[in-house]
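# Reading the structure
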Amino acid sequence: MAELEKKSPADVDDPKAIETAVNENQKKLEALSLLAPEDGGVGGGGPPLLDDYDDDSQIQAVASSGTVYESATTFEDLKLTPELLKGLHDEMGFSRPSKIQAVTLPMILTPPYQNLVAQAHNGSGKTTCFVLGMLSRVDPSRRIPQAICICPTRELAQQNKSVLMRMSKFTGITCASAISPALKDYMPISKMAPVTDQVVIGTSGTLIKWITNKKLATRDIKILVFDEADHMLAEENFMSDSKRIMRDIQSSAGDCQLLLFSATFNEKVKDFITKVIKEGNQIFVKKEDLTLDKVKQYKVRVPDEIAKIEVIRDKIFEFGQKVGQVIIFVRTKISTMHLHNALTKEDYVCSSIQGSLDHSEREKVIQEFKDGYTKVLISTDLLARGFDQSQVNLVINYDMPIKYNSRDEPDYEVYLHRIGRAGRFGRKGAVFNLLCGETDDILMTKIENYFQHKVQEVPSWESEENFETVLKDAGLLE
DNA sequence: ATATTAG
């Protein structure tokens with residue numbers, strides 16, 4: 001017991017763990033205690049829980065308003081409706097809040113409803129935070145949109161909607177997904193009925209289309225959520241869409257609560273966002289503490305591009321499928337197809353997805369993968385963020401992620417999001433970075449330095465034994 | 001490069 005008590009306070013007291021991203025103009029700042037809920041060391045028993053995952057210890061929060069929030073030990077502490085509690089326990093199977101949920105839910109749900117910018121590790125339960133936020137703030141008896149969530153991809157919007165629908169099972173709240181329909185379902189906007197669902201989750205383009213065509217009334221919006229917020233507010237096209245939606249809501253509904261969630265907020269984005277979102281609470285994680293301990297990263301040096309395909313074929317298909325599902329990330333749409341063709345030509349079964357695939361085809365590929373029919377999925381960065389499939393234990397970086405207009409500058413955020421597709425909710429996972437040539441070595445080294453995390457090398461790309469050994473080390477093989 | 005619209 002004494003050991004348990006010592007551990008967490010040390011993390012919070014460590015001055016190096018305390019971030020300095022606090023605006024000077026914020027008057028009263030109160031660092032919050034982020035200690036894990038005291039579970040008395042009972043150990044609980046029962047199925048593995050969301051909050052068995054304990055890597056959030058380095059989270060640091062700042063309350064800007066002088067409000068003191070008490071971290072929630074149980075979902076019951078949050079004064080959620082009985083219907084929502086039933087959804088959490090019976091439908092979702094959650095028993096206690098994870099750390100990010102324990103910290104942010106009081107901030108989201110306590111009046112006066114403050115804005116929140118929150119960063120937390122991949123797979124730590126951010127979706128539940130903002131879904132509960134939306135569900136708690138809408139009035140189920142009023143059939144008009146009251147909450148909007150903006151996502152970067154159709155897939156993420158649909159995934160978030162399905163989480164929300166499960167959680168809201170006993171509440172009577174309904175949800176619309178604002179994504180462009182598959183071609184076969186196309187209908188002119190003029191024929192569309194106005195939205196009466198309380199919650200709308202979608203991609204920016206379609207949300208704007210619905211708003212400008214008066215199909216989505218914004219005058220009663222109380223809460224606006226940005227999933228993958230750093231991406232939605234930093235990347236140029238997304239940013240203008242996001243600002244536009246914020247303006248529309250502001251002009252018709254006035255101030256509404258803003259929730260910004262992501263696993264990554266680089267310094268530039270953090271600066272920008274804390275300027276735009278002046279008031280509210282903030283939670284950030286140091287980049288050095290952001291990689292998941294349970295997801296082991298490896299680098300594999302290969303002599304040429306052909307060798308990458310051989311590694312996929314002989315090692316990944318050999319071992320990868322044994323350990324669960326696999327996602328292979330490539331840089332371009334065209335190489336998605338090339339790799340897919342190269343593998344299918346030799347009778348290996350896999351599927352692939354990228355943005356120019358027909359919408360209904362995309363849905364089919366995702367459904368088959370989520371149902372477990374396909375084990376290996378090749379993807380562009382379409383799936384880099386947010387995609388949640390607990391069976392994915394292995395991620396392959398066939399191409400390293402690089403910044404736009406650059407050859408040797410890695411995209412650190414994309415890297416972190418990609419590897420976060422493995423190791424959902426504290427599960428074990430492994431990542432293989434396939435490196436070919438000097439540039440890839442430079443990229444890998446920069447990534448190691450940025451996250452202050454040494455990536456172990458697989459000695460020989462040709463050795464089955466080597467792959468077997470590291471997968472055992474990662475805890476994926478017996 | 002990748003993603004989101006446009007009909």
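Everything discussed here concerns the structure shown above.
Residues numbered from 1 in each chain as written. Chains lettered and ligands numbered in written order. Predicted model: local features only at pLDDT ≥ 70, side-chain atom pairs only at ≥ 80, totals over all residues. Heavy atoms only, no water.

### Things to note about the overall build of chain A
Rules: Here a helix means four or more residues in a row that DSSP labels H or I, a strand means two or more in a row labelled E, and each is numbered from the N terminus. Note on contacts: a residue pair is in contact if any heavy atoms of the two residues lie within 4.5 Å. Areas reported here follow the Shrake-Rupley algorithm with a probe of radius 1.4 Å; residue values treat only the protein chains shown as occluding.
When you go through chain A residue by residue, the secondary structure sums to 15 helices and 16 strands. Long-range contacts, defined here as pairs at least 24 residues apart, represent 81% of the contacts in chain A between residues at least 6 apart. Split by element, the accessible area of chain A, about 21,500 Å² in all, is 49% carbon and sulfur.

### Digging into helix α11 (residues 333-345)
A turn of α-helix holds 3.6 residues, and therefore any two residues three or four places apart point the same way. The following threshold applies: Under the convention used throughout, the expected extent of a helix is 1.5 Å for every residue step, that is, one less than its residue count. Classification of residues uses two cut-offs on accessible area relative to the type maximum, computed with a 1.4 Å probe and protein chains only: under 20% is buried, over 50% is exposed, and between them is partly exposed. Arc definition: it is the arc formed by the directions from the helix axis to the C-beta atoms.
For α11, which comprises 13 residues, the first-to-last C-alpha distance of 19 Å matches the rise-based estimate of 18 Å (1.5 Å per residue) to within 8%. Considered for burial, the residues of α11 that qualify are Ser335, Thr336, Leu339, His340, Ala342 and Leu343. An end-on view of α11 places all buried positions within 165° of arc, on one side of the element. Residues of α11 that are exposed and angled more than 90 degrees away from the buried face: His338 and Lys345. Phi turns positive one or two residues past the end of α11, at Asp347, with a value near 70°.

### As for the sheet that holds strand β14 (residues 392-397)
What counts is decided by this rule: DSSP-based pairing: two strands are paired if at least 2 bridges between them are found. Structural elements are reduced to axes, namely lines fitted to C-alpha atoms, with helices fitted over the stretch in contact, and the angle between N-to-C directions of any two is expressed from 0 to 180 degrees.
Taken in spatial order, the seven strands of this open sheet run β12-β13-β11-β14-β15-β10-β16, and their pairing is parallel. Each having just a single partner strand, β12 (351-353) and β16 (456-458) make up the two edges of the open sheet. Sheet twist, expressed as the mean angle between neighbouring strand axes with direction ignored, is 25°. Pairing between strand β10 (residues 295-301) and strand β15 (residues 429-435): seven bridges, direction parallel.

### A word on helix α2 (residues 82-91)
Turning to α2, its buried residues are Leu84, Leu85, Gly87 and Leu88. What you see down the axis of α2 is that its buried residues fit within an arc of 155°, all on one side. Exposed and oriented more than 90 degrees from the buried face of α2 are Pro82 and Asp90. In the core, the buried residues of α2 are packed alongside α4 (126-137) and α5 (154-167).

### Side note on the pattern of salt bridges
Selection rule: When a carboxyl oxygen of Asp or Glu lies within 4 Å of a side-chain nitrogen of Lys or Arg, that pair is called a salt bridge.
The final tally for this structure, using the stated rule, is 25 salt bridges. A salt bridge links Asp314 to Arg313; the nearest nitrogen and oxygen atoms lie 3.4 Å apart. On the basis of relative accessible area, Asp314 is assigned to the partly exposed category, the value being 28%. The network of salt bridges with shared partners includes Glu91, Arg166 and Lys169.

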